[in-house]
Amino acid sequence: MSALAGRIAGCLAAGLLAASAHAGNAEVHSAGGLLAKFTELRSRLSDNQFHKPLYLHSSESPDGVAGDVYALIDHRFATAAAALNNPGDWCEILILHINTKYCRATTGSQGSVLNVSIGKKHHQPLNLAHRVEFVYRVAAQTPNYLLVTLHAAQGPLSTRDYRIVLEAVEADGGRTFIHVSYSYGFGAVGRLAMQLYLATIGRSKVGFTVAGAQADGRPLYIGGTRGMVERNTMRYYLAIEATLGALSTPPQARLEKRLRDWFSAAERYPRQLHEMEQGEYLVMKRKEYLRQQA
C-alpha cells in the first residue's frame, strides 16, 4: 500500500471524506420536528437488524454521502443533555473512535473549538496525523430539546464543510430520542482519494444497509461510499452511547468503562466494524487519552 493510500485510509476510516447529500438543504431542527421523526420511525425502531431501537440511513449525491442515526436511548433527557452540551465532554466521546488520535477543547475568536487529530488505526505521533478544527456550538437548548453542532470549514485532502450535528428530545417513558448526522464536502482531490481507497483498502468493506441477498441467502450489504459513511455514523453513535452508559460509574473508572463498552458494542457488528482485538484497542486508547490530558 502506498503512503498516500495509507493517509487516505485514516481519513476515510474516521469519516473525514464522507459528505452529506443533504448538507446543502435548509433543514429545520426543532423539538417538534424530531418528535415527528420519532413517530414516523416507531415501527422501524421496534423491528430491525440491530435488535435495538435504532435506525440508520445513508444517501449520496454527486459530491457527497450522508449518514444519519436515530435511536431511542434509556437515559432521561436531562441526564443526556447535561452530558452532551459541553465541548470538553465531546472530546471524551470523539477519542473513543479508533482513528481519533487527540482532541482538546479550547476557546478562540470563534468561540469553543475542538482541536482534533485524525490518523490511522494504530498509535502514531501527532505530527503524522491530520489536524481538524471544529467550531463547537450549542445551537438550541430548552427543557426538552438540545441541538449541538460541530463544524470544520477545512479538512485534509481537499475536504471541506465537515459537520456533526446532534439532536436530542425528551421522549415517552422517561427516555430520550436522539439524531446524529454527518455531512462533508469534497473537491476533485477528495473524490479521487475516495476512489483510490474504495479500489484498494476499502474494497471489501461494507455498511449496514441490506442491498439484496447473496447466492447462499445471506444478506448482501451495501459497499462504496455509503457503506463507508454508515460504518462511521455507527461508530460515533456507539461512542455517545458508551459515554452516557458510563455516567453512573465513579469518575475514576469511567474511561475504562467507556473504552470497553465502545469496543464490545462495535464487536456486535464484526462484518462492518471489526478492525483490531480488544487488547490492542485498549492499549492504544489509554496512551492516546493520557496524551490528550497532558
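If you're wondering where the values come from, they're calculated on a predicted model, not measured in any experiment.

(A) Here's a closer look at the overall build of the protein chain. Looking only at helices and strands, one finds nine helices and ten strands in the protein chain. Expressed as a percentage of the 294 residues in the protein chain, the buried residues total 50%. Once local pairs closer than 6 in sequence are excluded, the contacts in the protein chain between residues at least 24 apart make up 61%. A total accessible area of about 12900 Å² is found for the protein chain, and carbon and sulfur atoms account for 53% of it.

(B) Expanded view of the state of the cysteines. Considering all chains together, one arrives at one disulfide under this definition. Through a disulfide, Cys-91 is tied to Cys-103; the S-S separation comes to 2.1 Å. Looking along the S-S bond of the Cys-91-Cys-103 disulfide, the torsion reads about -65°, which is the left-handed sense. In this pair, Cys-91 sits in helix H4 (residues 87-94) while Cys-103 sits in strand E3 (residues 100-108), placing the two residues twelve residues apart along the sequence.

(C) Up close: the nonpolar core. Among the nonpolar cores identified, the biggest contains 59 residues, and Trp-90, Leu-114, Trp-262 and Tyr-281 are the most heavily contacted of them. If you tally residues by element for this core, the top one is helix H6 (residues 224-245), at eight residues. The residues contacting Trp-90, other than those within four sequence positions of it, are Leu-84, Leu-114, Tyr-136, Val-148, Leu-150, Leu-166 and Ile-240.

(D) Representation of unusual backbone geometry. If you check the backbone angles, His-51 has positive phi at about 55° while not being a glycine. Of note, His-51 is situated in the loop between helix H2 (31-46) and strand E1 (54-61). With relative accessibility at 75%, the residue His-51 sits in the exposed group.

(E) Geometry of the sheet that holds strand E4 (residues 111-118). Read from one edge to the other, the open sheet built from eight strands follows the order E1-E2-E8-E7-E6-E5-E4-E3, with strand pairing classed as antiparallel. Pairing within the sheet leaves two strands with one partner each, and these edge strands are E1 and E3. Shown here is a sheet whose adjacent strand axes are inclined to one another by a mean of 15°, direction ignored. Its contacts with the sheet place helix H3 (residues 77-84) against strand E5 (130-142), strand E6 (145-154), strand E7 (159-170) and strand E8 (176-186), and it is angled at close to 25° to E6. Docked against the sheet, H6 engages E1, strand E2 (64-73), E3, E7 and E8, running at close to 30° with respect to E2.

Calculation rules
- Residues numbered from 1 in each chain as written.
- Predicted model: local features only at pLDDT ≥ 70, side-chain atom pairs only at ≥ 80, totals over all residues.
- Heavy atoms only, no water.
- Helix = DSSP H or I, 4+ residues; strand = E, 2+ residues; numbered from the N terminus.
- Buried < 20%, exposed > 50% of the residue type's maximum accessible area, 1.4 Å probe, protein only.
- Contact = heavy atoms within 4.5 Å.
- Areas by Shrake-Rupley, 256 points an atom, 1.4 Å probe, with all protein chains shown as cover.
- Disulfide = S-S within 2.5 Å.
- Core = buried A, V, L, I, M, F, W, Y, C linked by side-chain atoms within 4.5 Å.
- Pairing = 2+ DSSP bridges.
- Axes fitted to C-alpha atoms, helices over the stretch in contact; angles between N-to-C directions.

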